[in-house]
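Report on the structure
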2 protein chains.
Amino acid sequence: MHRTHNCGVLRASNIGENVTLSGWVQRSRDLGGMTFVDLRDRYGITQLAFNMDTDAELCTKARKLGREFVIKIQGEVIERSSKNDGMATGDIEILVNALEVLNESKTPPFTIEDKTDGGDDLRMQYRYLDLRRKPVKNKLMLRHRLSIETRKYLDSIEFVEVETPYLIKSTPEGARDFVVPSRMNPGQFYALPQSPQTFKQLLMVSGFDRYYQIVKCFRDEDLRADRQPEFTQIDCEMAFVEQEDILNTFEGMVRHLFKVVLDHEIQDFPRMYYDDAMEKYGSDKPDIRFGMEFVNMNPVTQNKGFAIFDAAELVVGIVAKGAANYTRKQLDALTDFVKRPQVGAKGMVYCKCNEDGSFKSSVDKFYSQEDLQAWANHADAEKGDLILVLSGETDKVRKQMNELRLHMGDQLGLRDPKVFAPLWVLDFPLLEWDEESERYHAMHHPFTSPKPEQLGQLETHPGEVKANAYDMVINGTEIGGGSIRIHDRGIQQRMFDLLGFTKEEAQAQFGFLMNAFEYGAPPHGGIALGFDRLCSLFGGSDSIRDFIAFPKNNSGRDVMIDAPAPIDQTQLDELFLATTSKEEE
Amino acid sequence: MHRTHNCGVLRASNIGENVTLSGWVQRSRDLGGMTFVDLRDRYGITQLAFNMDTDAELCTKARKLGREFVIKIQGEVIERSSKNDGMATGDIEILVNALEVLNESKTPPFTIEDKTDGGDDLRMQYRYLDLRRKPVKNKLMLRHRLSIETRKYLDSIEFVEVETPYLIKSTPEGARDFVVPSRMNPGQFYALPQSPQTFKQLLMVSGFDRYYQIVKCFRDEDLRADRQPEFTQIDCEMAFVEQEDILNTFEGMVRHLFKVVLDHEIQDFPRMYYDDAMEKYGSDKPDIRFGMEFVNMNPVTQNKGFAIFDAAELVVGIVAKGAANYTRKQLDALTDFVKRPQVGAKGMVYCKCNEDGSFKSSVDKFYSQEDLQAWANHADAEKGDLILVLSGETDKVRKQMNELRLHMGDQLGLRDPKVFAPLWVLDFPLLEWDEESERYHAMHHPFTSPKPEQLGQLETHPGEVKANAYDMVINGTEIGGGSIRIHDRGIQQRMFDLLGFTKEEAQAQFGFLMNAFEYGAPPHGGIALGFDRLCSLFGGSDSIRDFIAFPKNNSGRDVMIDAPAPIDQTQLDELFLATTSKEEE
């Protein structure tokens with residue numbers, strides 16, 4: 001037997017017991033006659049004591065232990081002379097009488113401490129050592145807890161987990177698929193699912209009624225910092241529901257998760273229309289932990305002789321409370337921020353509402369103190385506040401102002417990761433125009449139901465049609481999205497027509513789904529929540545990578561196992577494939 | 001709102017309530033003034049009543065409903081005049097006052113009944129309709145229940161579910177990998193995991209201690225009737241354990257599952273050495289629901305002048321209790337059975353132990369009544385029993401006798417699917433000799449630990465070395481298998497040497513694991529249970545396919561979505577791939 005207890009469990013009540021422990025040497029200290037070793041496992045750290053006076057041989061052996069050696073010890077639980085309130089086992093130590101080295105360790109390439117000296121690359125290459133570090137381990141434990149509690153909740157309200165296939169069919173619509181050549185069907189390929197979308201809809205046609213799955217999905221996209229080629233979704237679908245049922249169900253789930261996992265009571269779970277979100281926050285995923293809503297400044301800024309504002313479709317302002325004391329340097333930095341290519345504004349106008357009732361703006365040449373007072377009145381700015389103003393074409397300036405607002409939120413400490421502000425964004429547009437391909441794309445996906453009352457506008461004013469689609473947003477992050485689906489073959493066909501599919505293409509790619517709609521498909525809808533993102537939100541982190549045991553880097557590589565890699569020619573031959581790249585080996 | 005109740009929940013206590021139900025039309029009957037419709041959903045069936053006398057328009061509408069139409073109704077729960085004890089809702093019916101057709105249905109290609117008229121191919125093509133059938137739906141509900149209870153049990157004993165990657169590296173050892181071309185790394189490929197083996201071992205190196213995952217795995221093998229290219233495992237690993245700890249843990253899990261899912265108490269959970277299993281049952285997965293153990297008949301059958309037995313390495317018998325009354329025809333059929341190419345015996349000898357104390361054998365020419373009495377004594381056969389004997393080369397004849405024993409078990413009704421006889425098979429050989437490649441292969445996998453006391457024989461007598469490997473067998477089916485792993489770099493290197501890897505190959509493919517062993521790898525081991533198989537066992541079925549929502553056929557095709565399929569040339573180009581098959585489109 002390798003242990004009677006783990007390293008986190010012994011307390012004063014165990015004093016006098018003989019125990020066996022196994023674990024890793026965290027550190028050791030030689031103090032003259034005594035040697036102390038901190039023994040670590042997943043559950044905690046227990047101090048081991050070796051006495052040079054009473055057992056010189058054993059103590060000498062202990063002194064040779066290196067960091068990260070795996071050892072097994074036997075000994076007696078004794079009271080510590082100097083207790084450590086900072087650790088759960090701090091009242092006791094083990095007076096060791098037997099020591100066995102189960103495995104030695106080379107010196108790790110970085111320290112296995114909460115704050116490590118290892119850089120990102122090294123930590124990823126030795127991910128199995130990085131995972132020993134408490135902050136990283138705790139992130140995966142949190143992920144486990146979230147997955148268990150998600151399942152418990154959904155199970156308790158009669159959701160059934162059904163596994164959908166991973167080897168499916170490639171569909172050119174949407175993001176790029178990862179494909180898998182079929183050896184048994186030469187020249188043919190499976191695709192890895194970007195989501196189980198069509199399968200979960202078929203399960204509704206089957207009558208499963210309430211489906212969920214915590215499932216890996218795959219997208220072969222050019223990776224951004226926070227994207228992974230494989231990612232995990234909490235994927236759900238319900239039949240015989242309206243949008244309201246889905247919102248309530250998943251609002252309930254998220255409340256449950258916050259309560260049981262973080263002991264946090266979510267208060268408000270407001271709803272906002274997409275159009276309002278764009279108007280007030282310039283984003284379909286507003287961070288509503290703080291206000292700073294957009295104010296349309298056109299009425300008080302235009303026709304005052306300032307050509308830039310006069311020419312602008314929209315002059316939009318935000319009020320940064322208490323920021324009138326911003327220095328010239330700080331204001332210049334804000335201007336630099338909005339002028340970065342990623343934001344793309346041409347400039348920024350400010351107006352300080354000084355404590356003495358006067359105003360100081362960067363456009364004093366064009367606006368009198370009375371004009372600026374009108375700005376302040378219009379924007380609800382008070383003495384001590386700072387008004388920041390951008391102008392331009394409506395859609396663009398809103399996006400720019402969204403960036404500036406979030407930036408100001410950060411600067412003013414209004415985006416506390418311990419505060420959680422969830423939100424439903426409703427009534428997304430059904431379609432968005434793609435300039436490049438000169439056609440409409442589905443904003444959510446081609447299975448999303450238009451608002452029934454707008455069905456008549458589908459062909460005449462497609463851009464104006466709203467969808468029964470919704471996003472769950474928490475702290476400015478899209479945690480999930482979903483929609484009521486089309487369950488009528490005719491409407492589905494009209495959608496495919498709108499999206500530029502020929503009848504043949506639609507039938508070849510999604511015929512099975514449209515056929516299924518002819519055999520009694522119930523009204524249904526669902527949602528998919530990004531599980532990696534949810535974990536990082538709960539963990540108070542911006543990066544999802546830490547919440548994935550073995551993540552890939554920005555080139556889609558697993559640097560630890562060194563994948564992807566060339567494969568044998570025999571494997572290619574069996575698959576009837578040849579690589580055409582120069583870079584092959 | 002689409003429903004206030006589901007179709008399985010209303011009882012006499014609800015009489016008088018106004019309810020809204022939605023579901024599918026299972027069937028309808030017109031009885032003069034009344035029309036009755038059975039409304040079905042996942043939860044059950046509720047009878048709807050339409051009265052021609054009181055609401056002719058509504059009743060006429062109801063009479064036009066076809067099978068599988070999706071409808072929503074409102075009405076009052078009333079007492080049934082003729083109650084139906086056979087259904088949960090049989091005390092009540094709904095007197096309908098409003099009916100809405102939510103979706104129509106074409107006539108399904110097969111009947112949606114417990115016993116359907118649809119053949120396998122049709123049912124697979126319209127799997128979404130097949131899944132509406134109660135027996136199929138219940139199989140997936142059972143699967144859900146098993147997965148929930150598995151997680152609950154493992155969670156309760158501190159196992160952590162950790163998701164391991166699906167896009168990993170191809171390793172030529174073992175079965176064939178499915179590969180995934182990498183667009184961002186031209187000429188390189190990911191592989192889909194055959195199991196998360198190396199990752200779970202790394203998690204042990206990381207200190208996670210107790211890991212599990214219910215996870216899809218992939219093998220590109222030529223499919224047999226009961227194999228799927230993608231399948232699900234309950235994958236587990238533990239650190240600081242010996243074999244005994246693992247056996248106890250997963251015996252506990254299986255007992256828990258039987259108890260909570262089937263309300264069945266597992267009594268014995270015996271253990272058997274691999275060598276004994278082969279000797280007594282000719283199989284490493286014996287069905288011990290019945291005895292009929294092999295008897296070595298060499299001592300009583302050889303040197304009596306029967307050349308075939310005299311020349312045989314092994315003469316082996318089984319006793320079929322009470323089967324002495326087998327007819328000539330039945331015995332001939334048994335002989336035919338063992339002579340089938342799949343079994344491969346040249347013939348079969350029988351000896352009836354008649355009720356009158358006499359014996360009748362197919363080799364009376366060579367054996368006297370006294371000789372046959374000695375057979376009976378040796379084999380513990382009693383009056384009324386039938387002794388069946390095969391002979392030949394030991395390994396072959398054992399395999400043949402295993403087939404015959406299972407066949408007799410079926411014939412004599414000894415293999416009741418409601419009886420569960422679990423078993424651990426222990427001490428598998430570490431290696432098996434492969435005639436074709438003329439080298440040793442790992443019987444389990446290259447990470448399995450040899451018995452420590454046999455390490456010295458590894459290079460001298462590799463074929464004799466046993467492994468710390470074990471299989472869980474229930475009712476003659478291998479439900480899971482695992483081993484204590486190697487955690488020492490040196491021993492792992494010796495294993496790779498034995499298996500014919502060059503140092504460079506071993507380092508290229510498994511360097512990350514061997515490196516990990518140098519940084520304090522703890523003793524560890526684990527097990528993987530076939531989840532599809534476990535579900536079919538619990539469901540009392542031989543086929544795993546019914547327990548998979550969307551299975552593939554024997555050519556690895558999903559006939560419903562028609563995958564795999566050719567992909568666009570642009571997709572191939574982006575992947576720097578060309579297909580070399582004639583069969584491509």
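Here the residue numbering is sequential within each chain, running from 1 through the sequence in written order. Lettering of chains starts at A and numbering of ligands starts at 1, both following the order in which they are written. pLDDT decides what is reported in this predicted model: residues at 70 or higher carry local features, side-chain atom pairs at 80 or more are listed and counted, and totals for whole chains, interfaces and linings draw on all residues regardless. Only hydrogens and water are removed before side-chain values are computed, so all heavy atoms of the structure are retained for them.

Let's shift gears to the sheet that holds strand β17 (residues 422-426) of chain A. Residues and elements named next belong to chain A. For two strands to be treated as a pair, DSSP must find no fewer than two bridges joining them. Only DSSP runs of H or I reaching four residues or more are called helices, and only runs of E reaching two or more are called strands; each is numbered from the N terminus. Here we have eight strands laid out as an open sheet, ordered β6-β9-β10-β22-β21-β20-β17-β11, and mixed in their pairing. Strand pairing shows two members of the sheet lacking a second neighbour, β6 (160-161) and β11 (271-273), which therefore form its edges. Note that strand β9 (residues 210-218) and strand β10 (residues 230-239) share nine bridges and pair antiparallel. Within β10, the position partnered with I214 by the bridge is I234. Pairs of residues are marked as contacts when any of their non-hydrogen atoms sit within 4.5 Å. Angular values range over 0 to 180 degrees, each being the angle between N-to-C directions of two axes fitted as lines to C-alpha atoms, with helices fitted over their stretch in contact. Helix α5 (residues 197-205) rests against β9, β10 and β22 (524-530) of the sheet, and its axis sits at about 20° to β10. Sheet strands in contact with helix α7 (residues 274-281) are β11 and β17, and its direction is about 85° off that of β11.

This next bit is on the pairing of β17(A). Residue and element names in this part refer to chain A. Exposure is judged per residue with a 1.4 Å probe applied to protein chains only, and the accessible area is read against the type maximum: over 50% gives exposed, under 20% gives buried, and values in between give partly exposed. For β17, a buried count of five out of five residues is recorded, marking the element as mostly surrounded by other parts of the structure. Here β17 shows two buried faces, one formed by P422, W424 and L426 and the other by L423 and V425. The sheet contact formed by β11 and β17 spans three bridges and is parallel. Paired with Y273 across the bridge in β17 is L426. When β17 meets strand β20 (residues 469-474), the two strands line up antiparallel, connected through five bridges.

Moving on to the sheet that holds strand β16 (residues 386-392) of chain A. Residues and elements named next belong to chain A. Pairing is antiparallel in the open sheet, where five strands are placed in the order β12-β13-β16-β14-β15. Each edge of the open sheet carries a strand with a single partner, namely β12 (295-296) and β15 (359-361). In the sheet, strand β14 (residues 349-353) pairs with β16 via four bridges, with the strands oriented antiparallel. Note that in β16 the partner of Y350 across the bridge is L388. With respect to the sheet, helix α11 (residues 369-379) is in contact with β12, β13 (314-320), β14, β15 and β16, its orientation differing from that of β15 by roughly 95°.

On to the packing of helix α10 (residues 328-339) of chain A against helix α12 (residues 394-411) of chain A. In helix packing, the relevant descriptors are the interaxial angle and the interaxial distance, both defined with respect to the helix axes. Residues and elements named next belong to chain A. Contact geometry for α10 and α12: axes closest at 10 Å, N-to-C directions at 140°. What the angle tells us is that α10 and α12 run oblique. Handedness of the crossing formed by α10 with α12: right-handed. Across the interface between the two elements, L334, F337 and V338 of α10 pack against E403, L404, H407, M408 and Q411 of α12. Looking at the contact of α10 with α12, its residues break down into five nonpolar, two polar and one charged. Convention used here: angles under 35 degrees read as roughly parallel, angles over 145 as roughly antiparallel, angles from 65 to 115 as roughly perpendicular, and any remaining angle as oblique. Here is the rule for handedness: rotate from the far helix to the near one, and if that takes an anticlockwise turn smaller than a right angle the crossing is left-handed, while a clockwise turn gives right-handed. Three classes are used: nonpolar for Ala, Val, Leu, Ile, Met, Phe, Trp, Tyr, Cys and Pro, charged for Asp, Glu, Lys and Arg, and polar for all others, with Gly counted as polar.

Attention now goes to the pattern of salt bridges. One speaks of a salt bridge when a side-chain nitrogen belonging to Lys or Arg is within 4 Å of a carboxyl oxygen belonging to Asp or Glu. Under the counting rule described, the total for this entry stands at 101 salt bridges over all chains. Between A:R3 and B:D209 there is a salt bridge, with the nearest N and O atoms lying 2.7 Å from each other. Of this pair, A:R3 sits in the segment before β1 (18-31) while B:D209 is found in the loop between α5 (197-205) and β9 (210-218), placing the two residues in two different chains. Each member of the pair, A:R3 as well as B:D209, carries the same accessibility label: buried.

Owing to its 3.6 residues per turn, the α-helix aligns residues three or four sequence positions apart on the same side. Residue and element names in this part refer to chain B. Restricting attention to buried positions, one finds in helix α1 (residues 56-63) the residues L58, C59 and A62. For α1, the buried positions fall inside an angular range of 95° around the axis, keeping them on one side. On its buried side, α1 packs onto β2 (34-41), β3 (44-51) and β5 (92-103). Here, the arc refers to the directions that run from the helix axis to the C-beta atoms.

A few words on the packing of aromatic side chains. Residue and element names in this part refer to chain A. Stacked, tilted and edge-to-face are the three classes assigned to paired rings of Phe, Tyr and Trp, where Trp is represented by its six-membered ring and a pair needs centres within 6.5 Å; plane angles under 30 degrees give stacked, over 60 edge-to-face, the rest tilted. Tallied over the entire structure, the rule returns 52 aromatic pairs over all chains. Each ring, one from Y166 and one from F218, has its centre 6.0 Å from the other, and the planes form 75°; the classification is edge-to-face. One end of the pair, Y166, is in the loop between β6 and β7 (179-181); the other, F218, is in strand β9, and 52 residues separate them in sequence. Overall, the relative accessible area of 5% leaves Y166 in the buried class. Judged by relative accessible area, F218 falls into the buried class, the value being 0%. An aromatic cluster of at least three residues, connected via ring pairs, comprises F306, F309, F366, Y367 and W375. We count a charge as sitting over a ring when the NZ of a lysine or the CZ of an arginine lies within 6 Å of the ring centre and within 35 degrees of the ring normal. One residue, R405, lies across the ring of F290, its end atom 4.0 Å from the ring centre.

What follows is about the packing of α5(A) against helix α14 (residues 503-516) of chain A. Residue and element names in this part refer to chain A. Relative orientation of the contacting elements α5 and α14 amounts to 20°, with a least axis distance of 10 Å. In this view, α5 runs roughly parallel relative to α14, as classed from their interaxial angle. For α5 against α14, the interelement crossing comes out left-handed. Residues T198, Q201, L202 and V205 of α5 pack against F510, F512, L513 and A516 of α14.

All right, on to the pairing of β14(A) then. Residue and element names in this part refer to chain A. By the criterion of burial, β14 is predominantly enclosed, with five of the five residues buried. Residues V349, C351 and C353 of β14 are buried on one face, and the alternating residues Y350 and K352, pointing to the opposite face, are buried as well. Of the pairings in the sheet, the one linking β14 to β15 comprises three bridges and is antiparallel in character. Within β15, the position partnered with C353 by the bridge is F359.

Least squares is the method for superposing the copies, and the C-alpha atoms it fits come from residues with pLDDT of at least 70 in both. Expressed as a screw operation, the relation of chain A to chain B combines 0.0 Å of axial shift with a rotation of 180°, fitting to an RMSD of 0.1 Å. The relationship between the two copies is best expressed as a two-fold rotation axis. Here 100% of the interface residues in chain A have copies in chain B that are interface residues too; the copies meet face to matching face.

With that out of the way, let us pick up the nonpolar core. Residues A:Y128, A:F550, A:M560, B:V162, B:L202 and B:L203 are the most contacted members of the largest nonpolar core, which totals 62 residues. The element contributing the most residues to this core is helix α14 (residues 503-516) of chain B, with six residues. Aside from chain neighbours lying at most four places away, what touches A:Y128 is A:M560, B:L202, B:V205, B:S206, B:F512, B:N515, B:A516 and B:Y519. The term nonpolar core refers to a set of buried residues drawn from Ala, Val, Leu, Ile, Met, Phe, Trp, Tyr and Cys, joined through side-chain atoms within 4.5 Å. Membership of the second largest hydrophobic core comes to 61 residues, among which are A:A442, A:A467, A:L499 and B:W24.

Let us look at the environment of A:G16. Residue and element names in this part refer to chain A. Its place among the elements puts G16 in the segment before β1. Along the chain, G16 and M514 lie 498 residues apart, while their C-alpha atoms are 72 Å from each other. Residues in contact with G16, not counting those within four places in the same chain, are E76 and V77.

The next thing to look at is the interface of chain A and chain B. Taken together, the contact between chain A and chain B spans 128 residues of the former and 128 residues of the latter. Applying the counting rule to chain A against chain B returns 18 salt bridges. A salt bridge links A:E518 to B:K106, with the nearest nitrogen and oxygen atoms 3.1 Å apart. Polar contact criterion, stated in full: a pair of N or O atoms within 3.5 Å, where within protein one must be able to donate a hydrogen and the other to accept it, and residues adjacent in sequence count only if both atoms are side-chain atoms. Seen at the junction of chain A and chain B, the total is 72 residue pairs in polar contact (both at pLDDT 80 or more). Looking at which element gives the most residues to the side of chain A that touches chain B, the answer is helix α4 (residues 134-156) of chain A, with 10 residues. Taken together, the residues that form the side of chain A that touches chain B break down as 66 nonpolar, 27 polar and 35 charged.

Further remarks concern the domain arrangement of chain A. Structurally, chain A comprises domain 1 (12-103), domain 2 (141-165 + 195-271 + 422-547) and domain 3 (290-411). Where a domain begins and ends is set by an automatic assignment or by a domain database. For domain 1 of chain A and domain 3 of chain A, the distance between their C-alpha centroids amounts to 63 Å.

Before going further, it helps to examine the environment of A:G525. Residue and element names in this part refer to chain A. When you line up the elements, G525 lands in strand β22. Through-space distance from the C-alpha of G525 to that of I308 is 46 Å; in sequence the pair is 217 residues apart. With residues near it in sequence (within four places) discarded, G525 still touches E237, M238, V241, I246, Y470, S483, I484 and R485.

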